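As a plain string of letters, each chain reads:
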Amino acid sequence: MSDCNSENACSSCSSAAGCSTDEKKLHAKQQLDARLSKIKYKIMVMSGKGGVGKSTVSVSLASALHSLGYSVGIMDADIHGPNVPKMFGLTQKGVRSGENGIVPFEAAEGLKVMSVAFLLENDDDAIIWRAPVKHGMIEQFISDVDWGELDFIIIDLPPGTGDEPLSVAHVIGAVDGAVIVTTPQEVALLDSRKSVTFARKLNIPILGIVENMSGMVCPHCGETVDLFKSGGGEKAASEMEVNFLGRVPIDPMVVIQGDSGKPYVLEVKDTPTAIAFRKIAENVAKQTIAK
């Protein structure tokens, strides 16, 4: 994927023998900066714990921002569990090269997607990489991909505060905000608080906490059933003095739409869950644009 390697001289080097290590680093830095300069707002979506619907929130946030008229990219940085293409119905394999680098796939016009899932010959293949290789892939997903002019790039991260979030923060340098996803129960809240601490230590602005799977509205009687409690995310946000972005109720159609590759918020308009996702997107846009 890299434009500059040990076998071929990069275009910015005058020596026929190829690039020196310093020249490679300089060229890579220039290319990275050029890509980032065309992206207005870089948003990380994090969770302290798996199974809280972080990728669903990432896809819904990107889709809702797109429906609001913004140009959006979504980078799937969950290298070991890349689910974003599936949730957008993108089944292509391989990469497409253009004049300005790798061409991302589009879920819709103005909604671009890049994921390691496109590089797997078989979706059942396991990616067994150590931290340096993952860091290199994340770097290339920004520097080598022709994202073009974007209002937002949403970066879907794996659970926890390890290699991938650190790599994204290091590569981008100035992340515009982090969205923390949790569910209401105490076990998930304990870990979500660690994500808040992570963002603070890296000086990443915290846009707020999303309480996902916050009750389920009965389709028959209209009453709300708190399957995983309710209100825990709002309480954690208050205690840690960060914004509360909102509660997202459980809706079985979110699962059905995700499995069919048709993002819920692009297909459903007037349910409590769809409205919650759109309000979260509006809040994120308002906070970042107001900076």
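Values in this document were obtained by computation on a predicted structure and should not be read as measured data. (Residues numbered from 1 in each chain as written. Predicted model: local features only at pLDDT ≥ 70, side-chain atom pairs only at ≥ 80, totals over all residues. Heavy atoms only, no water.)

Student: Outline the nonpolar core, listing residues and values.
Tutor: Within the largest apolar cluster, 81 residues are counted, with the highest numbers of intra-cluster contacts made by Met 75, Ile 154, Val 168 and Val 179. Of all the elements, helix H10 (residues 272–289) adds the most residues to this core, at seven residues. Here Val 179 is in contact with Ile 43, Met 44, Val 45, Met 46, Leu 61, Leu 207, Gly 208, Val 210, Leu 245 and Val 284, once residues within four sequence places are set aside. (Core = buried A, V, L, I, M, F, W, Y, C linked by side-chain atoms within 4.5 Å. Buried < 20%, exposed > 50% of the residue type's maximum accessible area, 1.4 Å probe, protein only. Helix = DSSP H or I, 4+ residues; strand = E, 2+ residues; numbered from the N terminus. Contact = heavy atoms within 4.5 Å.)

Student: Please give an account of the confidence of the model for the chain that cites residues and values.
Tutor: Overall, the predicted model of the chain reaches an average pLDDT of 89, with 93% of residues at or above 70. pLDDT under 50 marks residues 2–17. Its contacts with residues more than four places away, or in other chains, come to 20 contacts. (pLDDT = per-residue confidence, 0-100.)

Student: Describe unusual backbone geometry, listing the residues and the values that go with them.
Tutor: In this model, Asn 203 sits at a positive phi of 60°, which is unusual for a non-glycine residue. A positive phi angle, near 55°, is found at Met 213, a position not held by glycine. Structurally, the position occupied by Met 213 is in strand E9 (residues 206–217).

Student: Explain the pattern of salt bridges to me, and be specific about the residues and the numbers.
Tutor: Inspection of every chain in the model, using the stated rule, returns 13 salt bridges. With its nearest N and O atoms 3.1 Å apart, the salt bridge here joins Asp 156 to Lys 54. Of the two residues, Asp 156 sits in strand E7 (residues 150–156) while Lys 54 sits in helix H2 (residues 54–67), which places them 102 residues apart along the sequence. A residue is classified by how much of its surface remains accessible, and Lys 54, at 6% relative accessible area, is buried. Between Lys 194 and Asp 191 there is a salt bridge, and its shortest N-O distance comes to 3.7 Å. Separated by three residues within a single helix, Lys 194 and Asp 191 lie in helix H6 (residues 186–201), roughly one turn from each other. Look at Asp 191 and you get buried, because its relative accessible area is 18%. (Salt bridge = Lys/Arg side-chain N within 4 Å of Asp/Glu carboxyl O.)

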